[in-house]
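Structural overview for review
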Amino acid sequence: MKILFFDTKNYDRESFTRELAGQPDIEVKFLKTELAPVTARLAQGYDAVCAFVNADISRETIEVLHSCNVKLILLRCAGFNNVDLAAAADCGIRIFRVPGYSPEAVAEHAMALALGVNRHLHKAYVKVRENDFSLSSLMGINFHRKTAGIVGTGKIGAAMARICHGFGMKVIAYDVYQNPELKNFTTYVSLDELLATSDLISLHCPLTDSTYHMISTENIRKMKDGVILVNTSRGALVKTDDLIEGIRAHKFFGVGLDVYEEERPNVFEDRSDEILEHSVTARLLSFLNVMITSHQGFFTREALSAIARTTLENVRTFKHDDSSPNEVK
């Protein structure tokens, strides 16, 4: 089995190389370039390609892969909204993903963002480094006895709910499918009630037609004044222009974003020598109560090992023509 890896970093190479030890039947090549229509031709002679969250797996890309006789697309991530599933079905290409590599890694990062913007850690860090030990503009709020609203209670959302419960927060949630594991300490409510009563709102739902821009002006107006909003799921859950207007209107106590709509050219890249002209990202960074990280919620040793391990299990499933809940159809 020959697999071409796109958009790989040193940590990808290291984690997959460890997991590949003792598996001579799998041959891999690592590329730094992203998967897109113009680069898909590089897969000629390979059985499968492996891509990450920002790959362009559109119909055009899939048709090029099909012409190269690629039969399998491996996603080393949970999301698959960037994949044209109809095109893959038309071309007979199977799609596998990694749905649950480390829910706790992402949930812990979500709480880190919530705590960071609440206690102004990003501002405090800079102040102290400049020998300013005053407490001006650093006042936060207690999370204890506040209400945490969890939107989406799959594995990651459930992990976040448990963390919030551990902080002594009242936990409410909204999801089309209720998670029975959370019933002891979580109350399911409508989205409108969650928006209106939560002190902390954390987004953990997939990006679909129904969730696209679910956080827009209409729903922002329903939120409590002084709410903290955290998004570690998908950037397009939030309509960024409306979020900016809400920040300007002092609706939010703080906003923590590990994902955002304009992240594609930024994620995992060093753009420190560039000026981000006409950039929504630059506008968000101009607000003192906003903390942005670069899609690093998944980035722990444990998660990387799990991603590599599950991806290679998906390869074995494909080779034996077995079924798996990791397959996206």
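As shown above, the structure is provided for reference.
Residues numbered from 1 in each chain as written. Predicted model: local features only at pLDDT ≥ 70, side-chain atom pairs only at ≥ 80, totals over all residues. Heavy atoms only, no water.

**Overview of the packing of aromatic side chains**
Basically, it comes down to this: Ring geometry is summarised as follows: Phe, Tyr and Trp rings, the Trp one being its six-membered ring, pair when their centres sit within 6.5 Å, and such pairs are stacked at plane angles under 30 degrees, edge-to-face over 60 and tilted between the two. Secondary structure is summarised from DSSP: a helix means a run of H or I of at least four residues, a strand means a run of E of at least two, and numbering begins at the N terminus for each. Each residue's exposure class comes from its accessible area (1.4 Å probe, protein chains only) as a fraction of the maximum for that residue type: buried when under 20%, exposed when over 50%, partly exposed otherwise. The criterion is that NZ of a Lys, or CZ of an Arg, lies within 6 Å of the ring centre and within 35 degrees of the ring normal, and then a charge sits over that ring.
Under the criterion given, the structure shown has five aromatic pairs. Look at Tyr-11 and Phe-299: their rings are 4.6 Å apart centre to centre, the planes differ by 65°, and that puts the pair in the edge-to-face class. Highlighted residues: Tyr-11 in helix α1 (residues 10–20) and Phe-299 in the loop between β12 (290–292) and α11 (301–319), separated in sequence by 288 residues. Judged by its relative accessible area of 22%, Tyr-11 is partly exposed. Classification of Phe-299 as partly exposed rests on a relative accessible area of 41%. Arranged with centres 5.7 Å apart and planes meeting at 55°, the rings of Phe-298 and Phe-299 form a pair that is tilted. Chaining the aromatic ring pairs together yields one cluster made of Tyr-11, Phe-52, Phe-298 and Phe-299. Between the NZ or CZ atom of Lys-2 and the centre of the ring of Tyr-46, over which it lies, the distance is 5.0 Å.

**Points about the sheet that holds strand β9 (residues 200–203)**
Our working rule: Paired strands, as defined in this entry, are two strands with at least two bridges between them according to DSSP. The axes used here are C-alpha line fits, helices contributing only the stretch in contact, and every angle between their N-to-C directions lies in the interval 0 to 180 degrees. Residue contacts are defined here by distance: any two heavy atoms, one from each residue, within 4.5 Å place the two residues in contact.
One open sheet holds the seven strands; their spatial order is β8-β7-β6-β9-β10-β11-β12, and the pairing between them is parallel. What marks the edges here is a single partner per strand, and that holds for β8 (186–188) and β12. Ignoring which end each strand starts from, the neighbouring axes of this sheet average 15° apart. Running at roughly 145° to strand β11 (residues 252–257), helix α4 (residues 103–118) makes contact with β9, β10 (227–231), β11 and β12 of the sheet.

**A look at the sheet that holds strand β4 (residues 72–75)**
On the basis of which strands lie adjacent, the open sheet formed by six strands has the order β2-β1-β3-β4-β5-β13 and mixed pairing. If you trace the sheet from one side to the other, it starts and ends with β2 (27–30) and β13 (327–328), each paired once. When strand β1 (residues 2–5) meets β2, the two strands line up parallel, connected through four bridges. Note on β2: the bridge partner recorded for Phe-5 is Phe-30.

**Quick word on helix α9 (residues 240–248)**
For α9, the full list of buried residues reads Thr-240, Asp-242, Leu-243, Ile-244, Gly-246 and Ile-247. Tucked into the core, α9 has its buried residues touching α8 (217–222), β10, β11, α10 (280–285) and β12. In the segment just after α9, His-250 is the residue with positive phi, at about 65°.

**Focus on α11**
Heads up, the rule is: Helix span, as expected, comes to 1.5 Å for every residue beyond the first.
Counted at 1.5 Å a residue, the expected span for α11 with its 19 residues is 27 Å, and the 28 Å between its end C-alpha atoms agrees. Downstream of α11 by one or two residues, Asp-321 has phi in the positive range, about 55°.

**Details of the pattern of salt bridges**
Under the convention used in this document: Here, a salt bridge means any Lys or Arg side-chain nitrogen found within 4 Å of an Asp or Glu carboxyl oxygen.
Scanning the entire structure with this criterion turns up 16 salt bridges. Salt-bridge contacts for Asp-25 lead to Lys-319; the nearest nitrogen and oxygen are separated by 2.6 Å. Separated by 294 residues along the polypeptide, Asp-25 in the loop between α1 and β2 and Lys-319 in helix α11 bring together distant segments of the chain. Each of Arg-59, Glu-63 and Asp-90 takes part in a single network of salt bridges with overlapping partners.

**A short note on the packing of α4 against helix α6 (residues 155–166)**
The condition is simple: Here the angle decides the label: under 35 degrees means roughly parallel, over 145 means roughly antiparallel, 65 to 115 means roughly perpendicular, and every other value means oblique. The sense of a crossing depends on the near helix, which, turned anticlockwise from the far helix by less than a right angle, makes the crossing left-handed and, turned clockwise, makes it right-handed. Any residue that is not Ala, Val, Leu, Ile, Met, Phe, Trp, Tyr, Cys, Pro, Asp, Glu, Lys or Arg is counted as polar, Gly included; the first ten are nonpolar and the last four charged.
Viewed as axis vectors pointing N to C, α4 and α6 meet at an angle of 50°, and their least axial separation amounts to 8 Å. Classified by the interaxial angle, the pair formed by α4 and α6 is oblique. Between α4 and α6 the crossing geometry is right-handed. Contact residues: α4 offers Pro-103, Glu-104, Val-106, Ala-107, Glu-108, Ala-110 and Met-111, while α6 offers Lys-155, Ile-156, Ala-159, Met-160, Ile-163 and Cys-164. Its residues assigned to classes, the contact of α4 with α6 shows 10 nonpolar, no polar and three charged.

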